[in-house]
There are 2 protein chains.
Amino acid sequence: MMSDAPGGESLLFLTDEQLRQGIEAMFFAYRGFTADPDRILAGMAYGRAHHRAIHFINRAPGTTVNNLLILLGVTKQSLNRVLRTLVEDGLVESKVGKADKRERHLYLTEAGEALERKLSDAQRARMRSAYRAAGPQAVAGFRQVLEAMMDGDLRRKYQALRDSGT
Amino acid sequence: MMSDAPGGESLLFLTDEQLRQGIEAMFFAYRGFTADPDRILAGMAYGRAHHRAIHFINRAPGTTVNNLLILLGVTKQSLNRVLRTLVEDGLVESKVGKADKRERHLYLTEAGEALERKLSDAQRARMRSAYRAAGPQAVAGFRQVLEAMMDGDLRRKYQALRDSGT
DNA sequence: AGTTTAAGTCAGTCTTGTTGACATTCCAAG
DNA sequence: CTTGGAATGTCAACAAGACTGACTTAAACT
């Protein structure tokens, strides 16, 4: 299984082969990770980009377009297309900022929240089952490695989001 | 009692919030994970699709087109476009099968291996540094959760690949 | 001989990313 | 107070990479 002894000196023997296994695990796992929401969205006129936008608007209601595009790591033009369809379809509401009228603050409508729930229920179910299968200690390790894998900038944004959540 | 290790029961308290943090960690980490190869490929006429093809051809030299497209989870038309440019540019060699002449067996040329090394060096460096930062126990947990997150079919393919490697 | 399989091709569509150009709003320096 | 730059968001056009569907070729299987 884990080739070398799980925990101890094995780090010193980090072979390219072990690293490549990690790379492939990441690739295959990400496919599983996105599979359920993708399936749900397939029928509708939406894709993964819509899912991500909905997720983070739900996470931080009232966030601005600028905030969102930094989180998502896409250009504002790219995000705008997605956002426009979501607003047109009545899933997202875009309110002109009070203090700064250049800003648009984004909120999910009830319909938007319903879709968000549907999508994240599916994704959470998979995450939950993976967590259960692997056990609590594995989960802690999982999170540690993922955090270490992020770019510094994103890591800070992730941590801010995480700590604001609970 | 079944030794309730540190956090033994915490699985029972898996809140939606904890799961969502895992989901977001996965999202941000994957961005970091692909960032370096993407940067390298940006200048060239290649993208992430070419990287994946090169990776798995290197991993399993002589693999067939059909094998590859199952691993990658794309259609043959999609893979073919990528493969054609790689063959044209002399990075991949496609040999007619000996036993079954319908099959094409794929190999990296020297130039292909050079690019593979360049890409995977970058990706391994990030993986290595994440592993080092998180520690050996975390790495074991990371791998366990990732495996549990894969679709059953892909998990089998991943494990076959993994066990063939070393 | 007839069917199935492996691979490749052509055409068309969709999602999602990109640049470039532009409008609006804010703010600060003259 | 005005004016010019910076920030925010929108519109338009394009490219990469995925998809489906229809078709061809060659080889293998039955």
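A quick note: this is a predicted structure, and the numbers were derived from the prediction, not measured.

1. Topic: the interface of chain A and chain B
By a frequent convention, interface size equals the accessible area lost on bringing the separate parts together.
Here is step 1 of the chain: Taken together, the 67 residues of chain A in the interface contact 66 residues of chain B.
Here is step 2 of the chain: Summed over both sides, the interface between chain A and chain B buries roughly 6900 Å², with carbon and sulfur atoms accounting for 69% of that surface.
Here is step 3 of the chain: Counting across the chain A and chain B interface gives 10 salt bridges.
Here is step 4 of the chain: Taking the shortest distance from any N to any O, the salt bridge between B:Glu17 and A:Arg59 comes out at 3.4 Å.
Here is step 5 of the chain: Taken together, the connections running from chain A to chain B amount to 20 residue pairs in polar contact (both at pLDDT 80 or more).
Here is step 6 of the chain: When residues of the side of chain A that touches chain B are traced back to their parent elements, those giving at least two are α1 (16–43), α2 (48–59), α3 (65–72), α5 (110–134), α6 (136–149) and α7 (152–165) of chain A.
Here is step 7 of the chain: Taken together, the residues of the side of chain A that touches chain B break down into 36 nonpolar, 17 polar and 14 charged.

2. Overview of α1(A)
Here is step 1 of the chain: Here α1(A) spans 41 Å end to end across 28 residues, near enough to the 40 Å set by a 1.5 Å rise per residue.
Here is step 2 of the chain: For α1(A), the tally of buried residues reaches 21 of 28 residues, placing the bulk of the element in the interior.

3. Structural notes on the relation of the copies chain A and chain B
Here is step 1 of the chain: Superposition record for chain A on chain B: RMSD 0.2 Å, screw rotation 180°, translation along axis 0.0 Å. Within this description, the copies of the chain are treated as partners about a two-fold rotation axis. Across chain A, the rotation axis passes nearest the C-alpha of A:Phe142, at a separation of 1.8 Å.
Here is step 2 of the chain: With an isologous cut-off of 70% or more, the 96% of interface residues of chain A that recur at the interface of chain B puts this contact in the isologous class.

4. Quick word on the confidence of the model for chain A
Residues and elements named next belong to chain A.
Here is step 1 of the chain: When pLDDT is averaged across chain A, the result is 90; 92% of the residues are at 70 or more.
Here is step 2 of the chain: Taken element by element, the predicted model of chain A shows its lowest mean pLDDT in α7 (88) and its highest in α6 (96).
Here is step 3 of the chain: Low confidence marks residues 1–8, where pLDDT is under 50. Its contacts with residues over four positions away, or in another chain, come to 13 contacts.

5. A few points about the pattern of salt bridges
Residue and element names in this part refer to chain B.
Here is step 1 of the chain: Considering all chains together, one arrives at 28 salt bridges over all chains under this definition.
Here is step 2 of the chain: A salt bridge links Arg-39 to Asp-36; the shortest N-O distance between them is 2.7 Å. Here Arg-39 pairs with Asp-36, and both are found in helix α1 (residues 16–43), just 3 residues apart, close to one helical turn.
Here is step 3 of the chain: For Asp-36, a relative accessible area of 17% corresponds to the buried category.
Here is step 4 of the chain: In this structure, the salt-bridge partner of Asp-38 is Arg-48, at a minimum N-O distance of 2.6 Å. Taken together, the residues Asp-38 in helix α1 and Arg-48 in helix α2 (residues 48–59) connect sequence positions 10 residues apart.
Here is step 5 of the chain: Taking the relative accessible area as the measure of exposure, Arg-48 reaches 36% and is therefore partly exposed.

6. Considerations on the pairing of strand β3 (residues 104–108) of chain B
All names here are of chain B.
Here is step 1 of the chain: Sheet topology places strand β1 (residues 63–64) next to β3; 2 bridges connect them, and they run antiparallel. Paired with Thr-63 across the two strands is Leu-106, which belongs to β3.
Here is step 2 of the chain: Direction of pairing for strand β2 (residues 92–96) relative to β3: antiparallel, over a ladder of 5 bridges. Each residue of the ladder has a partner; that of Lys-95, found in β3, is His-105.

7. Thoughts on the nonpolar core
Here is step 1 of the chain: By size, the foremost hydrophobic cluster in this structure holds 88 residues, and its most contacted members are A:Met26, A:Phe142, A:Met149, B:Met26, B:Phe142 and B:Met149.
Here is step 2 of the chain: The contact partners of B:Phe142, leaving out residues within four places of it in the chain, are A:Met26, A:Ala138, A:Gly141, A:Phe142, A:Val145, A:Leu146, A:Met149, B:Met127 and B:Tyr131.

Definitions and cut-offs
- Residues numbered from 1 in each chain as written.
- Chains lettered and ligands numbered in written order.
- Predicted model: local features only at pLDDT ≥ 70, side-chain atom pairs only at ≥ 80, totals over all residues.
- Heavy atoms only, no water.
- Contact = heavy atoms within 4.5 Å.
- Buried area = accessible area lost by both parts, 1.4 Å probe.
- Salt bridge = Lys/Arg side-chain N within 4 Å of Asp/Glu carboxyl O.
- Polar contact = N/O pair within 3.5 Å; in protein donor to acceptor, adjacent residues only side chain to side chain.
- Helix = DSSP H or I, 4+ residues; strand = E, 2+ residues; numbered from the N terminus.
- Nonpolar A, V, L, I, M, F, W, Y, C, P; charged D, E, K, R; others polar.
- Expected span 1.5 Å × (residues − 1).
- Buried < 20%, exposed > 50% of the residue type's maximum accessible area, 1.4 Å probe, protein only.
- Least-squares fit on C-alpha atoms with pLDDT ≥ 70 in both.
- pLDDT = per-residue confidence, 0-100.
- Pairing = 2+ DSSP bridges.
- Core = buried A, V, L, I, M, F, W, Y, C linked by side-chain atoms within 4.5 Å.

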